[in-house]
Amino acid sequence: MDNSLILVLMAGILANNYAIQNFLGVDSILSNGSSVKKSLRLGGFVTLIMVISAVITWPLQTYVLKHAEYLQTLAFVTVILIVAAAVEKIAGKSPDRDFLLFAVNGAVLGLCIRNAQTGFAEAIFAAAGAGLGFLAAMAVFSSLRDRVEEEEVPEAFRGLPVNLLIISMMSLALFAF
Amino acid sequence: MAEKKTNILRDNPLMILLLGACPALAATTDVRAAAGMGVMVLAVLLLSGVIVSLLRSRIAAESVVPTCILTVAGCTSVMQMIQEAFLPSVYNMIGIYGAIVAVIVLTNRFACEAVDEQSVSETAKAAVTTGLYFLVILVVVAAIRQVLGSASLAGLSLSFLEEYKIAAMVKAPGAYIVLAIVAAVIGKVSMKKEKEEK
Amino acid sequence: MENKKSGMKFLAAPILVVLVFAVVLTGLNAGLGPIIEENKSSQAFGPLMAVMPEAENFELVEAQLPDTVLAVYRETSGLGYAIRCTATSQYSEEPMEMTFGIDSEGRICGMQLDVYKESKDFGSDYPLSYVGQDSTLADVGLTAGVTYSSAAFKDAVADAFAVLIENDLIAEGVKGDGQLLMELLPTVHSGLVLGTVGQYEEMEPSGSMVSAMKALNGSGFAYIMAEGDASYLAVANNFGACSVYNTEGVDVTADHAALVDEAMAHAAEHGTSYFDAAKARFEAVMPGASDVTAVEGIDSFNTVVEAVTFRCNGSKYYGFYSRSYGYANEPMDIYIVLDENGAIAAETAKELILHGEYFNAYTLDEPAYKAGFKGMTADTWSADTAVISGATMTSNAMAAATEDAFAAFQSIQNGGN
């Protein structure tokens, strides 16, 4: 396999982690209060949605949207929405609000927009990398958050602030890349 | 039924911050970008809220979420274009995150809740307050990050701080930390308010 | 049935929303599109503003543009034009890009090099030397030691001027006599130029000379001389020959004997003799060579610095020593032996690849290469014989030397010696 494609994959997970380093979809991670197991499942779904969306949006951008750039946001969001709903249906659940709001997040859209500039193969690998990065970020975040003893956190910092600090630690760790 | 649909965004800056964390972290390296982003979010909240509110009786229950998401996406596109035309420097500063406004939980959640709102004017009012909260938070965070991280403020270079600047402030870790502190401050203030009300 | 109906209704609202917004956005795009385009091109105005600081705004000029001219902008308050050009040369891997302004009088008011990637330094003085020039570019170029990139640069700027002049946007500058004469130089004495770039050093002019130039490879001299109101170009070689040309490029040697004498006196005084070097070399190249004698009166003006005749194994041979310019514009030392019928008997160089230690992207089988020249005459030879793969400048130098040797030989046959 081509070396550079693997690098694209790795970069998506580590150095260019969409959620941690680029803030894309971090609001979804922060507002998601699930356990590590559930996080893994949700992350898996998002990865799937990302890859499928990438497959659809890349040709869409390259052949259609390049004549109408201003329709990009609308078109991409539509595609992602449909993909997310479809994935949910196939998984046996009816599309519910929370999942859709979670799944149609900045990471997926950001990925599709960035893919517009690369080749098709790179786009797929970037999608996989971004998805896996998102999944990893979610899982690590859940597990770290579970370890934080609520009582030891100063009152003002409980909840959102300490979660943000947790992610800041993760981001510092990834900074090394 | 009415109890289930709690409007978590009403006058709840902490929640606003949480659901709008993505732009709050991304567009706050420069005060101009933060202001541009805040205004854009306000505009999108207002526009999409009003549209959804006007259509609320025609939307079937199952299609609320898709309709809201797509309305927000459309409004974001409109705002992006306006910004690109009239404020190109801000547009370039914000970059890809302009489009992300379409998918942040803040705007989408707001739209979904607007469907249950009593009237269009209430939605409009709520959009403005929410948007303003967001704008203020963003500008504050941006000011802190920019002054500490690049010794400048909205294009003005503060050279006397050059030696003390902390590069991490304008990068990812700094973003989270500053936001955490700002969130903590907001939390503290809200708690005080709650205590006083009690 | 119920399900289907509600399923359809379910999709109605979202689809409607998408369609409505698509229409709205298309409409907005029609209205705001132009503004956005203008913004984008304004951002490109950064370099334009740098070369024309008092400019208010620019608008694109629609015109037929040659490859070297990227864009022409008119400054909206009448200050002139700003132009973006690109130029490629053998030295740089990527094209150069430059931006310059031309004021309303047709003079360059600012010059900036935007993109330039070359291993050898261009020098910041060169682009600045364009400021103040008009379309004649009279004081630029044909300065010694300047590289190929500067020739490409100059051509691009000249192309830009041509566009403006063709479209009646500025008036054409008038070339001075000096410039007209210098433009003749490549065709009247190729030993002082490489392509269109001068390879000479300036000497102290005297008498009727306006300027005196000595070829860097020692192949002769060029003089700009004034007689009354008129200017002339005189060229001299190492064989005691001199020609004079007027600004129209006509050979007027016969009418200006005084200038000829003056030029030849100067050339004789300041010229270099290459006889000893040539003799030694030809004796080495053709073992058994004897009676090496210099040839006089050859009236070809090129890179040949010395010509000799000698006898070897009972036959008469002509030896030509050429110092044509090779890699990095350095004169090579090329020795060509022609038999009495004008066929190459031997061709060699003191050092075929100059600076091999810095430059090794070529392939060369020396014996085979040299053997390839043997037997060629002026009619049968082609420049392909001289090609060394990966060494364009050396190949060109070898080709030029060979051509020059044939020309000198022809001159001998015509003049008789």
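What counts and how
- Residues numbered from 1 in each chain as written.
- Chains lettered and ligands numbered in written order.
- Predicted model: local features only at pLDDT ≥ 70, side-chain atom pairs only at ≥ 80, totals over all residues.
- Helix = DSSP H or I, 4+ residues; strand = E, 2+ residues; numbered from the N terminus.
- Contact = placed C-beta atoms within 7 Å.
- Buried ≥ 20, exposed ≤ 12 C-beta atoms within 10 Å, placed from the backbone.
- Nonpolar A, V, L, I, M, F, W, Y, C, P; charged D, E, K, R; others polar.
- Expected span 1.5 Å × (residues − 1).
- Pairing = 2+ DSSP bridges.
- Axes fitted to C-alpha atoms, helices over the stretch in contact; angles between N-to-C directions.
- Parallel < 35°, antiparallel > 145°, perpendicular 65-115°, else oblique.
- Left-handed = near helix turned anticlockwise from the far one by under 90°.
- Core = buried A, V, L, I, M, F, W, Y, C linked by C-beta atoms within 7 Å.
- pLDDT = per-residue confidence, 0-100.

Participant: I'd love a proper account of the overall build of chain C, names of residues and values included.
Facilitator: Within chain C one finds nine helices and 17 strands. Relative to all contacts within chain C whose residues are 6 or more apart in sequence, the contacts with residues 24 or more apart total 53%.

Participant: Lay out the overall build of chain A with the relevant residues and their values.
Facilitator: A count of helical and extended segments in chain A gives eight helices and zero strands. Going from the N terminus to the C terminus, chain A shows its helices and strands as α-α-α-α-α-α-α-α. Within chain A, the fraction of its 177 residues that count as buried is 50%.

Participant: Now, about the interface of chain A and chain C: what can you tell me, with residues and values included?
Facilitator: Across the boundary between the two partners, chain A contributes four residues, which contact five residues of chain C. Of the residues that constitute the side of chain A that touches chain C, the class distribution is three nonpolar, one polar and no charged.

Participant: Any chance you could break down helix H8 (residues 160–175) of chain A for me, citing the residues and the numbers?
Facilitator: If you check H8(A), its first and last C-alpha atoms are 22 Å apart, about what 16 residues at 1.5 Å a residue would give, namely 22 Å. Considering only its buried residues, H8(A) is in contact with helix H2 (26–31) and helix H7 (120–147) of chain A together with helix H1 (13–19) and helix H9 (172–197) of chain B.

Participant: How would you sum up the environment of Ala241(C)? Please name residues and give values.
Facilitator: Residue and element names in this part refer to chain C. Inspection of the secondary structure puts Ala241 in the loop between strand S11 (230–236) and strand S12 (242–246). Spatially, the C-alpha atoms of Ala241 and Glu296 are 8.5 Å apart, while their sequence positions differ by 55 residues. Here Ala241 is in contact with Gly297, Ile298 and Asp299, once residues within four sequence places are set aside.

Participant: Describe the sheet that holds strand S13 (residues 290–294) of chain C, naming the residues involved and giving the relevant values.
Facilitator: Two pairing modes exist for strands in a sheet, parallel and antiparallel, and in both the strands are linked by backbone hydrogen bonds. Residue and element names in this part refer to chain C. The sheet built from five strands is open, its strands ordered S13-S14-S15-S16-S17 with antiparallel pairing. Of all strands in the sheet, those bounded by a partner on one side alone are S13 and strand S17 (344–349). Neighbouring strand axes in the sheet, compared pairwise and without regard to direction, differ in orientation by 20 degrees on average. Pairing of S13 with strand S14 (residues 304–312), which is carried by three bridges, proceeds in the antiparallel orientation.

Participant: Provide a residue-level description of the pairing of strand S15 (residues 315–322) of chain C, including the pertinent values.
Facilitator: Taken residue by residue, a regular strand's side chains alternate between the two faces of the sheet. Residues and elements named next belong to chain C. Taking burial as the measure, the eight residues of S15 include six buried ones, the bulk of the element. Bridge count between S14 and S15: eight bridges; the pairing is antiparallel. From the neighbouring strand, Cys312 faces S15, where its bridge partner is Ser315. Hairpin connection, S14 to S15: the antiparallel pair is bridged by two residues, and Asn313 has positive phi, about 50 degrees. Pairing analysis gives six bridges linking S15 to strand S16 (residues 334–339), with the strands arranged antiparallel. Paired with Gly319 across the strands is Val337, a residue of S16.

Participant: Describe the interface of chain B and chain A, naming the residues involved and giving the relevant values.
Facilitator: The interface of chain B with chain A comprises 40 residues on the first partner and 37 residues on the second. Only H1, helix H2 (21–26), helix H4 (64–86), helix H6 (97–100), helix H7 (105–115) and H9 of chain B provide two or more residues apiece to the side of chain B that touches chain A. Among the residues forming the side of chain B that touches chain A, the class breakdown is 31 nonpolar, seven polar and two charged.

Participant: Help me get a handle on the sheet that holds S12(C), residues and values and all.
Facilitator: Residue and element names in this part refer to chain C. Here five strands make up an open sheet; going across it, the order is S8-S9-S10-S11-S12 and the pairing antiparallel. With one partner strand each, in any of the chains shown, strand S8 (200–203) and S12 form the two edges of the open sheet. Averaged over all pairs of adjacent strands, the angle between strand axes in this sheet comes to 25 degrees, irrespective of strand direction. By the bridge criterion, four bridges tie S8 to strand S9 (residues 209–215) in an arrangement that is antiparallel. Along S9, the bridge assignment pairs Met203 with Ala212. Docked against the sheet, helix H5 (residues 177–188) engages S9, strand S10 (221–227), S11 and S12, running at close to 25 degrees with respect to S11. Seen against the sheet, helix H6 (residues 257–270) touches S8, S9, S10, S11 and S12 and runs at an angle of roughly 40 degrees to S11.

Participant: Please give an account of H7(B) that cites residues and values.
Facilitator: Counting buried residues along H7(B), 11 of its 11 residues qualify, which places the element largely inside the surrounding structure. Looking at H7(B), one finds that the buried residues are Val105(B), Leu106(B), Thr107(B), Asn108(B), Arg109(B), Phe110(B), Ala111(B), Cys112(B), Glu113(B), Ala114(B) and Val115(B). In the core, the buried residues of H7(B) are packed alongside H2 and helix H5 (97–103) of chain A together with H1, helix H3 (31–55), H4 and helix H8 (120–150) of chain B.

Participant: Outline the environment of Val50(B), supporting the account with residue identities and numerical values.
Facilitator: Residue and element names in this part refer to chain B. Positionally, Val50 belongs in helix H3. By the C-beta count within 10 Å, which is 18 here, Val50 ends up partly exposed. A sequence separation of 73 residues divides Val50 from Thr123, and the C-alpha atoms of the two residues are 6.5 Å apart.

Participant: How would you sum up the packing of helix H3 (residues 36–64) of chain A against helix H6 (residues 106–115) of chain A? Please name residues and give values.
Facilitator: All names here are of chain A. One can describe the packing of H3 onto H6 by two numbers: an axis separation of 10 Å at closest approach and a directional angle of 30 degrees. If you check the angle between H3 and H6, you find them roughly parallel. Along this stretch, H3 crosses H6, giving a crossing that reads as right-handed. On H6, the residues touching Val46, Ile49, Met50, Ser53, Ala54, Thr57 and Trp58 of H3 are Val108, Leu111, Cys112 and Asn115. A breakdown of the residues in the contact of H3 with H6 according to their chemical character gives eight nonpolar, three polar and no charged.

Participant: Would you mind going over the pairing of S9(C) in detail, with residue names and values included?
Facilitator: Residue and element names in this part refer to chain C. Hairpin connection of S8 to S9: five residues between the antiparallel strands, including Gly207 at a positive phi of 60 degrees. Across five bridges, the pairing between S9 and S10 is antiparallel. Paired with Ser211 across the strands is Ile224, a residue of S10. Adjacent in sequence and paired antiparallel, S9 and S10 are bridged by five residues, among which Gly218 carries a positive phi angle near 75 degrees.

Participant: Run through the nonpolar core, naming residues and quoting values.
Facilitator: Grouped together as the largest cluster of nonpolar side chains are 136 residues, with contacts concentrated most on Val77(A), Val104(A), Leu109(A) and Leu179(B). Looking at this core, the element that brings in the most residues is H7(A), giving 14 residues. Setting aside its immediate chain neighbours within four residues, Leu109(A) contacts Phe76(A), Val77(A), Ile80(A), Ala99(B), Ile100(B), Ala102(B) and Val103(B). In terms of nonpolar packing, the next biggest core, distinct from the first, is built from 77 residues, Val188(C), Val197(C), Ala263(C) and Phe373(C) among them.

Participant: Outline the confidence of the model for chain C, listing residues and values.
Facilitator: For residues with low pLDDT, the predicted coordinates do not support detailed interpretation. All names here are of chain C. Looking at chain C, pLDDT values average 83 and 89% of them are 70 or higher. Ignoring residues within four places in sequence, the model shows residues 1–6, a span with pLDDT below 50, making zero contacts including any to other chains. Note that pLDDT drops below 50 for residues 142–146; the model gives that stretch 13 contacts with residues more than four away or on any other chain. Listed scores for the predicted complex are pTM 0.58 and ipTM 0.83.

Participant: Outline unusual backbone geometry, listing residues and values.
Facilitator: All names here are of chain C. Unusually for a residue other than glycine, Asn313 sits at a positive phi of about 50 degrees. Looking at the element boundaries, Asn313 is found in the loop between S14 and S15. For Asn313, a count of 10 C-beta atoms within 10 Å puts it in the exposed group. Residues other than glycine seldom take positive phi values, yet Ala328 does so here, at roughly 60 degrees. Along the chain, Ala328 turns up in the loop between S15 and S16.

Participant: Run through the packing of helix H4 (residues 72–90) of chain A against H6(A), naming residues and quoting values.
Facilitator: All names here are of chain A. Running from N to C, H4 and H6 point in directions that differ by 125 degrees, and their axes come no closer than 10 Å. Relative to H6, the element H4 is oriented oblique. For H4 against H6, the interelement crossing comes out right-handed. Contacts between H4 and H6 involve Phe76, Val77 and Ile80 on the former and, on the latter, Val108, Leu109, Cys112 and Ile113. Here the residues of the contact of H4 with H6 sort into seven nonpolar, no polar and no charged.

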